[in-house]
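# Secondary and tertiary structure notes
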Amino acid sequence: MFAATNIDTSNKPAFYDELATQLKALLEGEGDSIANAANTSALIYQMVPDLNWAGFYFLQSDEELVLGPFQGKPACVRIAVGKGVCGTAVDLGMSMLIKDVHDFPGHIACDADSRSELVVLLRDADGVFGVLDLDSPLPGRFDKDDQAGIEKLAAIYVAASSFED
């Protein structure tokens, strides 16, 4: 049985390296994309400080993201590509690190307590198929070290999961 172990958060790159090791162990031998998304969001929510939401949105079509497994308050179910931080990340084909969501034009406030957001793309051989989204009630919570760490975790999730119909 997997059990997350506490990690020192004073050195972010080292923190994310250890979290990546734990995520690989958690997902080892499991290929189901939904189960892996659920466990990935749970581990991130448990281990990354100062979050109020961690979860997935998957492309339902070229125009729309649909809510996947997450931890936190109930969330917006559908987000149009090009709208909000998640939809903009997909539209631009890049991660989005938003220091204060109140300064982001078109931010979608699923949780009024959220102040900063980090969205990283989920990519496989066929291209972008969703996002991993983190919210925090603290402005400026995320930085480039967080982005690099969460991008590494997203890649581990993609590598471990099967997306066959």
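Just above sits the structure.
Residues numbered from 1 in each chain as written. Predicted model: local features only at pLDDT ≥ 70, side-chain atom pairs only at ≥ 80, totals over all residues. Heavy atoms only, no water.

## Notes on the pairing of strand 2 (residues 64–72)
Relative to strand 2, strand 1 (residues 53–61) is paired through 7 bridges, and the arrangement is antiparallel. The residue of strand 2 that forms the bridge with Phe58 is Val66. Where strand 1 folds back onto strand 2 in an antiparallel hairpin, the turn is made up of 2 residues. In this structure, strand 2 lies alongside strand 3 (residues 78–80), joined through 3 bridges in antiparallel fashion. By the bridge assignment, Glu64 is partnered in strand 3 with Ala80. Counted between consecutive antiparallel strands, the loop separating strand 2 from strand 3 contains 5 residues. (Pairing = 2+ DSSP bridges. Helix = DSSP H or I, 4+ residues; strand = E, 2+ residues; numbered from the N terminus.)

## Points about the packing of aromatic side chains
In the structure shown here, the tally under the stated rule is 6 aromatic pairs. Here Trp53 and Phe70 contribute two aromatic rings whose centre-to-centre distance is 5.2 Å and whose plane-to-plane angle is 20°, an arrangement assigned as stacked. Residue Trp53 is located in strand 1, and its partner Phe70 is located in strand 2; the two are separated by 17 residues in the primary sequence. Under the relative-accessibility criterion, Trp53 is labelled buried at 4%. Judged by relative accessible area, Phe70 falls into the partly exposed class, the value being 26%. Here the aromatic rings of Phe58 and Phe129 are separated by 6.4 Å at their centres, their planes lie at 5°, and the arrangement is stacked. Of this pair, Phe58 sits in strand 1 while Phe129 sits in strand 6 (residues 127–136), and the two are 71 residues apart along the sequence. In this structure Phe58 comes out as buried when scored by relative accessible area, which is 16%. An aromatic cluster is built from Phe56, Phe58, Phe129 and Tyr157, whose rings are joined through pairwise contacts. (Phe/Tyr/Trp six-rings, centres within 6.5 Å; stacked < 30°, edge-to-face > 60°. Buried < 20%, exposed > 50% of the residue type's maximum accessible area, 1.4 Å probe, protein only.)

## Re helix 2 (residues 33–47)
An ideal rise of 1.5 Å per residue puts 21 Å on 15 residues; helix 2 measures up with 21 Å between its terminal C-alpha atoms. Listing the buried residues of helix 2 in full gives Ser33, Asn36, Ala37, Thr40, Ser41, Leu43, Ile44 and Met47. Projected down its long axis, helix 2 shows its buried positions confined to an angular sector of 165°, all on one face. Taken together, the buried residues of helix 2 touch helix 1 (12–27), strand 1, strand 2, strand 6 and helix 4 (144–160). By the N-cap criterion, in which a side-chain oxygen at the helix start approaches the backbone nitrogen of a residue two or three places on, helix 2 is capped by Asp32, the distance to Ile34 being 3.1 Å. (Expected span 1.5 Å × (residues − 1). Arc of directions from axis to C-beta. Contact = heavy atoms within 4.5 Å. Polar contact = N/O pair within 3.5 Å; in protein donor to acceptor, adjacent residues only side chain to side chain.)

## Considerations on the sheet that holds strand 5 (residues 116–124)
Here we have 6 strands laid out as an open sheet, ordered 3-2-1-6-5-4, and antiparallel in their pairing. Of all strands in the sheet, those with a lone pairing partner are strand 3 and strand 4 (96–98), marking the two edges. Taken pair by pair, the neighbouring strands of this sheet meet at an average axis angle of 25°, ignoring direction. With 6 bridges joining them, strand 1 and strand 6 adopt antiparallel strand pairing. Counterpart to Ala54 in the pairing with strand 6 is Leu134. Along the sheet, helix 3 (residues 84–92) makes contact with strand 1, strand 2, strand 3, strand 4, strand 5 and strand 6, crossing strand 5 at roughly 40°. Sheet contacts for helix 4: strand 1, strand 4, strand 5 and strand 6; angle to strand 5, the most-contacted strand, approximately 35°. (Axes fitted to C-alpha atoms, helices over the stretch in contact; angles between N-to-C directions.)

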